[in-house]
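# Structure assessment
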Amino acid sequence: MPAVLENISSLLETAPATPAYLPAWFATRQQAAWQRFLATPAPKRGDETWRFSSIKQLDFSSFRKAPAAGVNDLIARSTGLEAPAAKLIFVNDELVHVESHLPEGVICLPLAEALVSHSDLVQAHFMKQETRLGSAKFAALHEASLTNGLFVHVSDKTEVEGTIEIHHWIAGENTVIFPHTLVVTGKSSKVRVVDIFRSAEDIQPGLAIAFNDLCAGQNSKLDYVAIQAFNEVTRVIQINETATFRDASATSLLLNTGASWARNESLSRLEGPGSRSDMLSVSIPAHEQEYDQRTFQHHVSEGAYSDLLYKNSLYDESRTIFSGLIFVDEGAHHTDAYQTCRNLLMSDTCEANSMPGLEINADQVKCSHGSTSSQISDEEIFYLRARGIPPVNARQLIARGFSVDVLERLKNDEIEELVLRFIDEKFAHIASFVA
Amino acid sequence: MSYDTTDVLDHETREAIDIDRTKGDFTFPERNKFDAGRGLTAATIDYISDVKNDPDWVREFRHKALKTFEEKPMPTNWATKDLENINFDEIRYYLSDGEKPKRSWDDVPADVLETFERLGIPQQERAFLAGVEAQFDSEAAYSNVKEELTKQGVIFVNSTEGLKEHEEIFRPYFGKVIPTGDNKFSALNSAVFSGGSFIYIPKGLKLKQPLQAYFRINSENFGQFERTLIIADEGAELMYMEGCTAPKFETATLHSAVVELVALKGAKIQYVTVQNWSSNVFNLVTKRGLAMEDAEVRWIDCNIGSRLTMKYPGVIMKGKRARGEVISIALANTGQHQDTGAKMIHAADDTTSNVVSKSISVGEGRSTYRGQVHIPKHLKGCKNNTECDALLINSNSRTDTYPAITVKGNRHATQHEASVSQVSDDMLFYMQQRGLSEGQAMSLAVNGFINDLVREFPMEYSVELKRLIDLEMEGSVG
């Protein structure tokens, strides 16, 4: 029961209308979110959460919602895993294809449908956390404007062996989409979800304001991968929020290869003792791409573990901004938290900005962060050249190895291979320009 | 486990760290001939300029700076809101007895002399210093440098004398390393500055002994705004040390200095600070050095006192192969926020910078590291290493780290590492098994944590520093 888009006006001009068949609580939240969007000032230079950002990228006035187009072609192009447990394809937020082999105990529905059939369950988890890394205005716009998304709920003691694969396409010039993925795992359950974001055409500007909520229930395991491979004239705001409860484990990996400008905000809230959150990212910006990454490891509970590893390989005139914070609440003793950002500088015109941070309000903690920026050493190149590998390939091999190091943390060959496919596509794209 | 117990240290430990807690906490009646009154207006600027008989360019410089100060907002978008508690209308911006700095302690007024005697300055001068300046509220009371150094061309005077008597050396660098509009407090200092040191070391001269300045606040509701400019000519070397104290008043006191260092080709400047302001002082200081080709500027910084310190010593490495370094220790006790860090601006090829910062948070104290490293485009071979470690002693103490590193281009290397930890139960247990009390064990662990940095301080300072840290730890550990 996908929502029908009737109001195709400019993104910022008209309050979105919630379809009448959706529950009242959701309509109320959408209206409140629209008011919040209007009332929240736009970020400006000098805002600490937007330090080093290109604020000019936030002019979204030319973007509009659009109905799905070119559906059959995009379904055919939605290649991913060999045998996913479920595969859903969205074009401009409209669900156009579903196939599912999920076991009993798993709800995997378009959000618009889940809001009707599992209203209480969605309400209990939908956008529960405060957006605090700078994009509160755009999270409000997302909440007010979203028309669909995916809801996944895994019951207690249910394990999904395969992967739920979701494709999000932007089709048409100046189209905006609001992808939303809400994943909730019950006690002692397990699931893995992959979101793949792409553009139908290489030259049409688009905008995605995406949001994903991950909620890992007690003793459960939740793995999430987002592959952002939009065309290089698309802008993206992607907000990832994760909550882990007692003895739960959540791993999220974000790959950035596309978009002209991408802002990623990842917040991980460790709510229960023994819980663990691994926040991973690989970004390969080239040309004039800019990736702006903000992270927050929030230790609410004592005795939790978080580890963040972000790696960026920067080519050409590209820019990255990494701002991360480990925040330990009062009373969150025995916290174990790490944060690492590594930048591999591949051109003499790229720019890497790092702002790793710590705010510690409890004792008996082990927290550290590290950030490095450097280039490939001449010795490494020499070593590979001495084995007959040309310098260009040698550099690419090293950059690939640099990225693979992060993927291995997923401990899943199938997903690693999928992500590597997109990485290799990006390297091939970069190499074609060099050639 | 936490160490919020009220147990006191055993007798042996107390003996080992016995130090007069009230060393700096005394005051003499005010004996000011010149008092600019409370609040800051254009009239205050004119009063200061009149009293100091400023040349026109200085008066104009002050007025422009006042405008900048008024226009700039408080930096509370990123810094602590405690800054908003400074009442600029209540502060007294200039207090002086109208006397010129004396060249002999015999000529210094008795109460001022006693102040510095109690702080041990004349003894230190005799023992190991090449020259001393002692500032009392707004102006230097004593300023002297060894005669043979004067003969060799060393200038060590207060900034008022510097700008009047050595304008040709002073003026080209004054306000150039730290422009007036750098931040709200550098603008404030530029408007009302008085006191501070001007030092010039001629070409090739390497000072064997350090120069020292001591800053003392005596009066309540006072703002001290010293301005220091140090120029080491080509190949020259010096170490400069400053110490600061103030008595504890009921009301807040403001200390807002600007320190500019210029190390010309091949010169080396080492600037050592041991700050032990009383816990009512807002210590908002801007310090920056300019290092030309093959030059080195090194800040060694220890912050123990004050209510709020905001201080990020910086180095602009303007010449090839220049080097900048900041070594810092901060100790934040209850009621204190040590917001310190470093700023490294690489502006030439093959420049290197190093930052090592350690902080200890005790009681409900908060320590913050805030850093900036900037390597722009079209440079090559620049390197930065930053390490900052924080130690938390109590369950209510707090620490934060906020570095910002910008690297452009692919011919550089930067690395930043930070860690937060506490003294482990195992370590304490191990030491207690060998007969140490818990308090002694904690003191030993803290001293071990900072030991490698304390070694960077001159001997006389490092001993004092360890004792001050032990003193601050007293009663905070079980």
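Residues numbered from 1 in each chain as written. Chains lettered and ligands numbered in written order. Predicted model: local features only at pLDDT ≥ 70, side-chain atom pairs only at ≥ 80, totals over all residues. Heavy atoms only, no water.

### Description of the interface of chain B and chain A
Counting residues at the interface gives 38 residues for chain B and 39 residues for chain A. Of the roughly 2900 Å² buried at the junction of chain B and chain A (both faces included), carbon and sulfur atoms supply 44%. By the criterion of area lost to chain A, the three top residues of chain B are Asn410, Val420 and Gln422 of chain B, representing 18% of everything that side buries. In this structure, the connection of chain B to chain A is made through three salt bridges. We note a salt bridge from glutamate 351 of chain A to lysine 408 of chain B, for which the minimum N-O separation is 3.4 Å. For the pair chain B and chain A, the interface holds 20 residue pairs in polar contact (both at pLDDT 80 or more). Counting only elements with at least two residues in the side of chain B that touches chain A, the list comes to β23 (398–408) and β24 (413–422) of chain B. The dominant element in the side of chain B that touches chain A, judged by the number of residues it contributes, is β23 of chain B, at 11 residues. (Contact = heavy atoms within 4.5 Å. Buried area = accessible area lost by both parts, 1.4 Å probe. Salt bridge = Lys/Arg side-chain N within 4 Å of Asp/Glu carboxyl O. Polar contact = N/O pair within 3.5 Å; in protein donor to acceptor, adjacent residues only side chain to side chain. Helix = DSSP H or I, 4+ residues; strand = E, 2+ residues; numbered from the N terminus.)

### Remarks on the environment of proline 110 of chain A
All names here are of chain A. By secondary structure assignment, the location of proline 110 is in strand β3 (residues 106–110). Looking at proline 110, the relative accessible area reads 10%, which means it is buried. If near-sequence neighbours (up to four positions away) are discounted, proline 110 is found in contact with Leu95, Asn148, Gly149 and Leu150. (Buried < 20%, exposed > 50% of the residue type's maximum accessible area, 1.4 Å probe, protein only.)

### Some remarks on empty space enclosed by the protein
Residues and elements named next belong to chain B. According to the stated counting rule, one finds six cavities of 30 Å³ or more in the structure shown. What the second largest cavity holds in volume is close to 70 Å³. In this structure, the second largest cavity is lined by 14 residues; those nearest its centre are Ser359, Tyr369, Cys388, Asp389 and Ala390. Residue assignment for the lining of the second largest cavity shows that the elements contributing at least two residues are β20 (352–361), β21 (366–375), β22 (383–392), β23 and β24. Looking at the lining of the second largest cavity residue by residue, the class counts come to five nonpolar, seven polar and two charged. (1 Å grid on protein atoms, 1.4 Å probe; cavity = no way out; pocket = protein on both sides within 12 Å on 5 of 7 lines; lining within 4 Å. Points joined across faces, edges and corners; volume = space filled by probe spheres on them. Nonpolar A, V, L, I, M, F, W, Y, C, P; charged D, E, K, R; others polar.)

### Observations regarding the UniProt feature "domain: SUF system FeS cluster assembly SufBD core" (unreviewed entry) in chain A
Under the present numbering, the feature "domain: SUF system FeS cluster assembly SufBD core" (unreviewed entry) in UniProt falls on residues 170–402 of chain A. Segment residues 170–402 of chain A splits into 9% helix and 58% strand. End C-alpha atoms: 30 Å apart. (UniProt positions renumbered as here; feature names shortened; annotations may be inferred.)

### Regarding the pairing of strand β13 (residues 261–270) of chain A
All names here are of chain A. The element β13 is extensively covered by neighbouring structure, given that nine of its 10 residues are classed as buried. Pairing geometry for strand β11 (residues 234–244) and β13, over 10 bridges, is parallel. Each residue of the ladder has a partner; that of isoleucine 237, found in β13, is arginine 263. Sheet topology places β13 next to strand β15 (residues 290–299); 10 bridges connect them, and they run parallel. From the neighbouring strand, leucine 270 faces β15, where its bridge partner is histidine 299. (Pairing = 2+ DSSP bridges.)

### So, the pairing of β11 of chain A
All names here are of chain A. The element β11 is largely enclosed, with a buried count of 11 among its 11 residues. With burial as the criterion, each face of β11 is covered, one bearing Thr234, Val236, Gln238, Asn240, Thr242 and Thr244 and the other bearing Arg235, Ile237, Ile239, Glu241 and Ala243. Note that strand β9 (residues 206–216) and β11 share 11 bridges and pair parallel. When the sheet's bridge partners are listed, glycine 206 is paired in β11 with threonine 234.

### Things to note about helix α4 (residues 110–118) of chain B
Because each turn of an α-helix spans 3.6 residues, side chains separated by three or four positions in sequence point in the same direction. Residue and element names in this part refer to chain B. Of the residues making up α4, those classed as buried are Asp111, Val112, Thr115 and Phe116. Looking straight down α4, one finds its buried side chains confined to an arc of 135°; they lie on one side. Glycine 120 sits one or two positions beyond α4 and adopts a positive phi of about 80°. (Arc of directions from axis to C-beta.)

### A few points about helix α2 (residues 42–52) of chain B
Residues and elements named next belong to chain B. Among all positions in α2, only Thr44, Ile45, Ile48, Ser49 and Lys52 are buried. Projection of α2 onto a plane perpendicular to its axis shows the buried side chains occupying an angular sector of 130°, all on one side. The inward-facing, buried residues of α2 abut α3 (56–71), β4 (139–145), α7 (159–165) and α9 (184–192). Two or three places before alanine 43, at the opening of α2, threonine 41 has a side-chain oxygen 3.1 Å from that residue's backbone nitrogen. Of the residues one or two after α2, asparagine 53 is the one with positive phi, at around 55°.

### What about unusual backbone geometry?
All names here are of chain A. A positive phi angle, near 70°, is found at phenylalanine 52, a position not held by glycine. Among the residues examined, phenylalanine 52 registers a relative accessible area of 24% and is labelled partly exposed. For asparagine 174, which is not a glycine, the phi torsion comes out positive at approximately 55°. Considering the arrangement of structural elements, one finds asparagine 174 in the loop between β5 (164–170) and β6 (175–177).

### Structural notes on the packing of α3 of chain B against α9 of chain B
In helix packing, the relevant descriptors are the interaxial angle and the interaxial distance, both defined with respect to the helix axes. All names here are of chain B. Put simply, α3 and α9 touch, their axes get as near as 7 Å, and they point 150° apart. As the angle between them shows, α3 and α9 are arranged roughly antiparallel. The handedness of the crossing between α3 and α9 comes out as left-handed. Each of Phe61, Arg62, Ala65, Leu66, Thr68 and Phe69 in α3 lies in contact with α9, whose residues at this interface are Lys184, Ala187, Leu188, Ser190, Ala191 and Val192. Across the contact of α3 with α9, the residue classes tally to eight nonpolar, two polar and two charged. (Axes fitted to C-alpha atoms, helices over the stretch in contact; angles between N-to-C directions. Parallel < 35°, antiparallel > 145°, perpendicular 65-115°, else oblique. Left-handed = near helix turned anticlockwise from the far one by under 90°.)

### Some details on the confidence of the model for chain A
In this model, chain A carries an average pLDDT of 93, and 97% of its residues clear a pLDDT of 70 or more. Considering only residues more than four positions removed or in separate chains, one finds that residues 1–9 of chain A, a stretch of pLDDT under 50, has 20 contacts. (pLDDT = per-residue confidence, 0-100.)

### Observations regarding the packing of aromatic side chains
This structure, assessed with the given rule, holds 23 aromatic pairs over all chains. Centroid distance phenylalanine 60 of chain A to phenylalanine 138 of chain A: 5.5 Å. Interplanar angle 70°. Geometry classified as edge-to-face. Here phenylalanine 60 of chain A, found in the loop between α1 (24–39) and α2 (71–77), pairs with phenylalanine 138 of chain A, found in helix α5 (residues 136–145); they are 78 residues apart in sequence, far enough to count as distant. Since its relative accessible area comes to 2%, phenylalanine 60 of chain A is described here as buried. Taken together, a centroid distance of 5.6 Å and an interplanar angle of 10° make the contact between tyrosine 93 of chain B and phenylalanine 225 of chain B stacked. On the criterion of sequence distance, the pair formed by tyrosine 93 of chain B in the loop between α3 and β2 (95–96) and phenylalanine 225 of chain B in the loop between β8 (223–224) and β9 (227–232) is long-range, its members being 132 residues apart. Accessibility assignment for this pair places tyrosine 93 of chain B and phenylalanine 225 of chain B in one class, buried. One aromatic cluster is present, formed by Trp57, Phe61, Phe170, Phe174, Phe193 and Phe198 of chain B through successive ring pairs. (Phe/Tyr/Trp six-rings, centres within 6.5 Å; stacked < 30°, edge-to-face > 60°.)

### Quick word on the pattern of salt bridges
Residue and element names in this part refer to chain B. All told, the structure shown has 42 salt bridges over all chains when counted by the stated rule. Between arginine 288 and aspartate 182 there is a salt bridge whose closest N-O contact spans 2.9 Å. Residue arginine 288 is found in strand β14 (residues 281–291), and its partner aspartate 182 is found in the loop between α8 (167–173) and α9; the two are separated by 106 residues along the sequence. Given the relative accessible area of 9%, arginine 288 is considered buried. Note on aspartate 182: relative accessible area 29%, which makes it partly exposed.

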